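# Commentary on secondary and tertiary structure
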Amino acid sequence: MATAPLVEKPPAPVAEPPSLNPKKGILSYWRLYAAISPFYLLFLAFGLIPVGFSLYLSFHRWDGLGSMEYAGLSQYRYLLSDTDFWSSIGNTLIIWALATFPMIFLAMITAVMLNSAVRFKNVYRFAYFLPNVTSVVAVAIIFGSVFSTNFGLVNALLQAVGLDQIAWLNTPWGIKVAIATLMTWQWTGYNAIIFLAGLQTIPGELYEAARMDGAGPVQTFFRITLPLMRPVLLFVLVISTVTGLQSFSEPQVLLQSTANESTFSGGPDHAGRTMVLYFFQQTFDNNDFGYGAAVAWGIFLVVVIFSIVNWRLVQRRGED
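Heads up: these notes are all about the structure in this document.

## Notes on the layout of surface pockets
By rolling a water-sized probe across the atoms, one finds the places where empty space is left. Quantified by volume, the second largest pocket comes out at close to 390 Å³. Lining the second largest pocket we find 19 residues, and of these Ser54, Phe279, Ala296, Trp297 and Ile299 sit closest to its centre. Among the elements that line the lining of the second largest pocket, the one with the most residues is helix H13 (residues 289-319), at 9 residues. For the lining of the second largest pocket, the class distribution of residues is 15 nonpolar, 4 polar and no charged.

## Quick word on the packing of helix H7 (residues 172-199) against helix H10 (residues 230-244)
The geometry of H7 relative to H10 is characterised by a closest axis approach of 10 Å and an angle of 155° between their N-to-C directions. Classified by the angle their axes make, H7 and H10 are roughly antiparallel. When the axes of H7 and H10 are compared, the crossing they make is right-handed. Touching Met183, Asn191, Ile194, Phe195 and Gly198 of H7 are Val232, Leu233, Phe235, Val236, Ser240 and Gly244, all from H10. Across the contact of H7 with H10, the residue classes break down as 7 nonpolar, 4 polar and no charged.

## Description of a nonpolar patch on the surface
On the surface, a nonpolar cluster with roughly 980 Å² of combined accessible area is contributed by Ile26, Tyr33, Ile36, Phe39, Tyr40, Phe43, Leu44, Leu48 and Ile49. Relative to the assigned elements, Tyr40 resides in helix H1 (residues 30-57). Residue class for Tyr40 comes out exposed when judged on its relative accessible area of 52%.

Each value, and the rule that gives it
Residues numbered from 1 in each chain as written. Predicted model: local features only at pLDDT ≥ 70, side-chain atom pairs only at ≥ 80, totals over all residues. Heavy atoms only, no water. 1 Å grid on protein atoms, 1.4 Å probe; cavity = no way out; pocket = protein on both sides within 12 Å on 5 of 7 lines; lining within 4 Å. Points joined across faces, edges and corners; volume = space filled by probe spheres on them. Helix = DSSP H or I, 4+ residues; strand = E, 2+ residues; numbered from the N terminus. Nonpolar A, V, L, I, M, F, W, Y, C, P; charged D, E, K, R; others polar. Axes fitted to C-alpha atoms, helices over the stretch in contact; angles between N-to-C directions. Parallel < 35°, antiparallel > 145°, perpendicular 65-115°, else oblique. Left-handed = near helix turned anticlockwise from the far one by under 90°. Contact = heavy atoms within 4.5 Å. Patch = residues over 30% accessible without salt bridge, like charges linked within 9 Å, V, L, I, M, F, W, Y side chains within 5 Å. Areas by Shrake-Rupley, 256 points an atom, 1.4 Å probe, with all protein chains shown as cover. Salt bridge = Lys/Arg side-chain N within 4 Å of Asp/Glu carboxyl O. Buried < 20%, exposed > 50% of the residue type's maximum accessible area, 1.4 Å probe, protein only.

See below:
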């Protein structure tokens, strides 16, 4: 008995995605644009316009009240020869180095410990992240008491082991160490959580294979964990560079009781005067808004250059 040939059904028409009808014009979608407009209006008002005005202001002399006077590139030429500005760059880089490298090391160790913990993981994560959400002003006041010369906890510990007291907030290196310690305490937990997120993306099979091959914990860390964590390490290093080179609240609050001239002077011998503190000193203490804007753009260039340098160094080590 002959059977009728099977007839394939025609494929169902695929619905085309809705497209904007040019005949309706842009005004017909005004509700959609109105819904997303608040972000762009706020970014324009508090982002682009202030940045553009600061660039315009850096080419003028202005005390904030009178009329502006065009100065051209003279303020940038003076900035290149300003020894106080270069001194603030040196202070910032030293504080950044003293804070960033110990912080990254401690954050990585903390993340590895949190990743291997079995009980109370969420409690540990909350405890380590808590310093980052604590008020910087309150933390700086507490650290000012901790590093106090006569009644500080650090000097009390030094005396307990038979060492002499150190005037932490009255000596150049003591000031830098105190600020760096505050920044390390503040950001270690935050970066530990970022490292922990990166560790949890590494497949467990790699560690199982390493253990079967006889690799120990140290070999596993340097041969598996560290290479696979390089993108996360690069992110943490760049973010730490950007935040560290823009430190302001930490030295300003920590050293305000020891300031000789103003709260932006950075303590004795200006040892804690960072780049941002110098910007505030020129702008609000000296009422030189034009030169302050030039200093701000100088800070921007320094941050960009060091971020690129750090990124290139980590990338080059990854290629090697």
